[in-house]
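A closer look at the structure
Here is how the chains run, residue by residue.
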Amino acid sequence: MASRRRLVACLLNVSEARRKDLVENVARAALYDAEGGKREETAVLNIFSDHDYNRSVITIVASVDSIRDAVLSACQKACALIDMRSHTGVHPCMGAVDLVPIYPLGEEVGVEECVQQALGVGASPYVMNCNVTIDTQAIAIGHSVAAAIRGSAPGGLPGVQVLALPHEGAVEIACNVESVEGAPPGHPAGRPWPSFVLDGRPYCHAPAELITARVAELAARRGVGLKGTALVGFTPQECRGLAEQALSEGIGEFWKEQRRIRM
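The structure contained in this document is the topic of the report that follows. (Residues numbered from 1 in each chain as written. Predicted model: local features only at pLDDT ≥ 70, side-chain atom pairs only at ≥ 80, totals over all residues. Heavy atoms only, no water.)

Points about helix 2 (residues 67–81)
Put simply, the rule is: What counts as a helix is a DSSP run of H or I of at least four residues, what counts as a strand is a run of E of at least two, and both are numbered from the N terminus. Expected span, for any helix, means 1.5 Å times one less than how many residues it has. Remark: exposure states derive from per-residue accessible area (1.4 Å probe, protein chains only) relative to the maximum for the residue type, with buried under 20%, exposed over 50%, and partly exposed in between.
With 15 residues, helix 2 extends 21 Å between its outermost C-alpha atoms, agreeing within 8% with the 21 Å of an ideal straight helix rising 1.5 Å per residue. Turning to helix 2, its buried residues number three or more, namely Ile67, Ala70, Val71, Ser73, Ala74, Cys75 and Ala78.

Structure below.
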């Protein structure tokens, strides 16, 4: 039986969303080398752009041996094309390239291998975003909801980091969801926490349904309703499956095939 590909993913965050052609040029830079040759075992699964944030997340998948060059090329292109002197957007940012998390897509690759490829910027078992919009323009209410749900708060959700930001005339509770090591906690009344094993160690992360329900509960106590939830990120299983499909079919610009608001 053929061995499985040793795949990893990078969720490259860049500080541009309002110029689609520019963002797609950054994504394409991951797919080609300096001479214009197509990189093997590399694809861009999706591009998620938010106009108010003026921020895009580009999902790059590649073999663990190819990810460094692919991501570095995309970062160089972003820095060359994005002028932060004229940048505006409600999401905090550090520069043209903001976050570069790399994580393994299966037990064939360990977290330590991702760290070695991570360009000094970070590797983790799994990261996604769950953004829940509440029906208010009162940012103070958003801050109080965010403070109650973040993982560092008493009774908060483990692995969840949160910002409250104005978004499309409402307030978005923007949750960065990280995996935590250990067995999933018991939730008899709700959906089990998604879990997986890396390097022989169990990991799990808070499910989107639980995050949405907790935000809805906290907002309702403050007399505010819910408008909706947007997920930025695949489950590890989804990302692995789409990566295998893109690479097997040789579709580098897979985001053109993937028309949905997820990454």
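Side note on helix 6 (residues 236–249)
The condition is simple: For this analysis, residues touch if any pair of their heavy atoms sits within 4.5 Å.
With 14 residues, helix 6 should cover 20 Å at 1.5 Å per step; its first-to-last C-alpha distance of 20 Å lies within 8% of that length. For helix 6, the set of buried residues is Pro236, Cys239, Arg240, Leu242, Ala243, Glu244, Ala246 and Leu247. Elements in contact with the buried residues of helix 6: strand 1 (7–14), strand 2 (42–50), strand 3 (55–63), strand 5 (102–104) and strand 10 (195–198).

Some thoughts on the sheet that holds strand 8 (residues 170–178)
Where we set the bar: Only strands joined by at least two bridges in the DSSP assignment are considered to pair. Angles here are taken between N-to-C directions and fall from 0 to 180 degrees, while the axes themselves are lines fitted to C-alpha atoms, restricted in helices to the stretch in contact.
One open sheet holds the 4 strands; their spatial order is 7-8-6-12, and the pairing between them is antiparallel. Every interior strand has two partners, whereas the edge strands, strand 7 (160–167) and strand 12 (226–232), have only one. Across the sheet, the axes of successive neighbouring strands diverge by a mean angle of 20°, strand direction being ignored. One ladder, built from 8 bridges, connects strand 6 (residues 127–134) with strand 8; its direction is antiparallel. If you follow Val127 over to strand 8, its bridge partner there is Glu178. In the packing of helix 4 (residues 139–149) onto the sheet, the strands contacted are strand 6, strand 7 and strand 8, and the crossing angle to strand 7 comes to about 170°. The sheet strands contacting helix 5 (residues 208–221) are strand 6, strand 7, strand 8 and strand 12, and the helix crosses strand 6 at an angle near 30°.

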